[in-house]
Each structure stands twice: as C-alpha cells, then as structure tokens.
Amino acid sequence: MTAQIIDGKALAARIRANIASEVTDLHARLGRAPGLATVLVGTDPASQTYVRSKHKACNQAGIQSFAYELPATTSQAEVEALVEDLNANPEVDGILVQLPLPKGLDEEGVLSTIHIDKDVDGFHPINIGRLNMKGRPPLFVPCTPAGVIEMLDATGVTISGADAVVIGRSNIVGIPVAALLRNRDATVTVCHSRTRDLPEKVRRADIVVAAIGRPEMIRGDWIRPGAVVIDVGINRIEDAQSPTGSRLVGDVAFEEARQVASAITPVPGGVGPMTIAMLLQNTLTGFKRTHGL
Ligand code: GUN
C-alpha cells in the first residue's frame, strides 16, 4: 500500500480563504476587523519566525494584528501587566503569548492572566481543564491539536472507536490532542520517554499522532498496515545534499511509513500550516462571540 498524502498546506489554504471571506463580511457589517495580539518575550529565532508568520497570515485574512516584543529580561509583573492591558483592549479579540517563555518567567502565571474569552491558544488552565472534562467544552481549543483533528476529519478518518496512540505528552500538543481524540470517542494511549516497548504500542494503533520532537524516530515497521499517521514533529537535521546543509523532517520516517500507512502527513506541508489556520479560526470565533454571533 502507498499512503494518501494528507496535504495540510492545501487544507489550511482553503480554511484561510473561508476565514478571509467571513472576515470581509463581518468587517463591513460590524465596522471592525477581528484583532490578534501576540506577545514575544526574548529573541529565540524559531519563536520570532513563528510569530512573524502568524502576523502575515492575519494580514492576508483581514485580521488586525498587534505585535508586542519584550526583552528577555522583562519581569513577570511586566509581562502580566501587558496581558492585562490587552485583556481590557476592545480591539483585541485574541491574545497569544509565544512559548516557551525565557527562563525565570512563570508560564502558568502568564497564561492564567489571559482572559479566557481571549485565550485563542486555549492554554488557560480553565480552558485546558474543560477540554479534559466530559461535557464541558472549552472556549478555545489549542491550535495544533485542533489542526490534527481537522486533518483527520478532512481525510474521512473515523475517530470514534479507533485505537489512537499519541507519542509525546507536551502541554502544547500531546496532552490536548489526546483529550480531543478521547472526546471524539477514540481509545487513546499516550506514550512518552518512559513507555516500555513503544513499537508494540504503536503497532496497535489505527491512528498514530507523533509529537515527541525526535527526528524520524518512528519507523515504518512500527506502523500497522492501513493506519493513519499524523506527524507533528518539525526537526532540522543536517543534510550535505541540501544547498542549505540541512532539511526539515518529522518524528516519523516518512519514506518507510508511507509504504504501510493508508494516509500520512508530510513534513513540511502537513500539520505545520494547520496551526496558523486554527489560530485565525479561533480569533474569528472570539470576535464573533464578542458580538453575540
Ligand atoms: N510554541 C510552539 N507552539 C506554540 C503554540 O501553538 N502557541 C504558542 N503560544 N506558543 C507555541
């Protein structure tokens, strides 16, 4: 079997086009565009790149964006004061504090300062708590995990009743994606660095979500024939053949796994583009909710 390649770039482009057209209508009707504020503390180059692409995507969708860049030496009180200002700013529908924060800052303290109605990342403890309870939907679902579910739905994968294995238990991906799959009635196993016999666990899965941050760790012979593989990993590895000397790979050995899976996401061009599409979607949702829509 050769797997269907799940094209996240194309799916994200469709979602973004729909958002842009809804934003145009709402802007005309309500006299204001949705607004997203980003807070970047420090100068981590990867974070700078991510934040820049979020602003570009907002621009293209007609969403206003406000960029706040603070030095790594900023105090906890100063970051929280900025978040409080944004909570009170009626032009701002969503607040995104780029993670990780520099050492010395308390991430949970900052995230819990964000008003839950503006928590477009879905990382506020109340939203995460609700995501993990039955029948208590959060106001926002974290973007990358939401993108994973969108891709499964767009591919026609049946989640209900499926055996799903999530590899990785980060707050940003592993934990929320496991909750989303469970809420959709999958039977979910969360694996991590202490899991015994990981290949055996992965072999049981109808749906594999890899979010461990280790280049090509999950091999093709771990994948059950016909399984669906969603690769959240983005790892830069050395490659002497590439003009830049490096290239991006996922957590899954793609060329091996595509021979076995029924569908698989590529890296790049898989989950990555979906994260931003879901952020725009969440910002639009927040804006609509503010207007009682
Ligand atoms: N760092 C890596 N992924 C994310 C994300 O989805 N949101 C934020 N705020 N920071 C991140």
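Structure's up top.
Since the model is a prediction, treat every value here as computed from it, not as a measurement. (Residues numbered from 1 in each chain as written. Predicted model: local features only at pLDDT ≥ 70, side-chain atom pairs only at ≥ 80, totals over all residues. Heavy atoms only, no water.)

Trainee: Can you break down the pattern of salt bridges residue by residue, with the values?
Mentor: Scanning the entire structure with this criterion turns up nine salt bridges. Between Glu200 and Lys201 there is a salt bridge, with the nearest N and O atoms lying 3.3 Å from each other. Using a relative accessible area of 27% as the deciding quantity, one classes Glu200 as partly exposed. A salt bridge links Arg247 to Asp239, with the shortest nitrogen-to-oxygen separation between them at 2.9 Å. Note on Asp239: relative accessible area 16%, which makes it buried. The network of salt bridges with shared partners includes Glu200, Lys201 and Arg204. (Salt bridge = Lys/Arg side-chain N within 4 Å of Asp/Glu carboxyl O. Buried < 20%, exposed > 50% of the residue type's maximum accessible area, 1.4 Å probe, protein only.)

Trainee: Summarise the site of the ligand; cite the residues concerned and give the values.
Mentor: For the ligand, the full set of nearby residues is Leu96, Val97, Gln98, Leu99, Asp121, Phe123 and Ile172. Contacts to the ligand include Gln98, whose side-chain N or O atom sits 3.3 Å from a nitrogen atom. One of the side-chain nitrogen or oxygen atoms of Asp121 is found 2.5 Å away from a nitrogen atom of the ligand. When grouped by side-chain class, the residues that make up the shell around the ligand number five nonpolar, one polar and one charged. (Near = heavy atom within 4 Å. Polar contact = N/O pair within 3.5 Å; in protein donor to acceptor, adjacent residues only side chain to side chain. Nonpolar A, V, L, I, M, F, W, Y, C, P; charged D, E, K, R; others polar.)

Trainee: Please set out the side chain of His55 residue by residue, giving values where relevant.
Mentor: Note that His55 resides in helix 2 (residues 45-61). We classify His55 as buried; its relative accessible area is 15%. (Helix = DSSP H or I, 4+ residues; strand = E, 2+ residues; numbered from the N terminus.)

Trainee: Lay out helix 1 (residues 8-30) in plain terms, naming residues and giving numbers.
Mentor: Over its 23 residues, helix 1 extends 32 Å from the first C-alpha to the last, a length consistent with the 33 Å expected when each residue adds 1.5 Å. Regarding helix 1, the residues found buried are Gly8, Leu11, Ala12, Ile15, Ile19, Ala20, Val23 and Leu26. Those residues of helix 1 that are buried are in contact with helix 2, helix 6 (143-154) and helix 10 (271-290). Backbone nitrogen of Lys9 and a side-chain oxygen of the N-cap are separated by 3.1 Å at the start of helix 1; the cap is Asp7. Just downstream of helix 1, Gly31 is the residue with a positive phi angle, here 75 degrees. (Expected span 1.5 Å × (residues − 1). Contact = heavy atoms within 4.5 Å.)

Trainee: Which residues make up the nonpolar core, and what values go with them?
Mentor: Counting residues in each nonpolar core, the largest one holds 51 residues, and the members touching the most others are Leu152, Leu181 and Val209. Looking at this core, the elements with two or more residues in it are helix 1, helix 2, helix 6, strand 5 (163-167), helix 7 (174-183), strand 7 (207-210), strand 8 (228-231) and helix 10. Here this core takes nine residues from helix 10, the largest share from any one element. Once you skip the residues sitting within four places of it in the chain, Leu152 turns out to touch Val157, Ile159, Leu181, Ile207, Val228 and Ile230. (Core = buried A, V, L, I, M, F, W, Y, C linked by side-chain atoms within 4.5 Å.)

Trainee: Lay out the pairing of strand 6 (residues 187-191) with the relevant residues and their values.
Mentor: A regular strand carries its side chains on alternate faces of the sheet. One ladder, built from five bridges, connects strand 5 with strand 6; its direction is parallel. Each bridged residue has a counterpart across the sheet, and for Ala164 the counterpart in strand 6 is Val188. In the classification by handedness, the crossover that spans strand 5, the intervening helix 7 and the parallel strand 6 is right-handed. (Pairing = 2+ DSSP bridges. Right-handed = clockwise from strand over helix to strand, strands pointing away.)

Trainee: Lay out the sheet that holds strand 4 (residues 94-97) with the relevant residues and their values.
Mentor: Pairing in this open sheet of three strands is parallel, and the strands run 3-2-4 from one edge to the other. At either end of the open sheet lies a strand with only one pairing partner, and these are strand 3 (64-70) and strand 4. The average angle at which neighbouring strand axes cross in this sheet is 15 degrees, direction not considered. Here strand 2 (residues 35-41) runs beside strand 3; their pairing, made up of seven bridges, is parallel. Following the sheet pairing, Ala37 is matched in strand 3 by Phe66. Each of strand 2, strand 3 and strand 4 touches helix 2; the most contacted strand, strand 2, lies at about 170 degrees to it. (Axes fitted to C-alpha atoms, helices over the stretch in contact; angles between N-to-C directions.)

Trainee: Can you break down the sheet that holds strand 5 residue by residue, with the values?
Mentor: Here we have six strands laid out as an open sheet, ordered 1-11-8-7-5-6, and parallel in their pairing. What marks the edges here is a single partner per strand, and that holds for strand 1 (4-5) and strand 6. Taken together, the four bridges between strand 7 and strand 8 define a ladder with parallel strand orientation. Looking across to strand 8, one finds that Ile207 is bridged to Val228.

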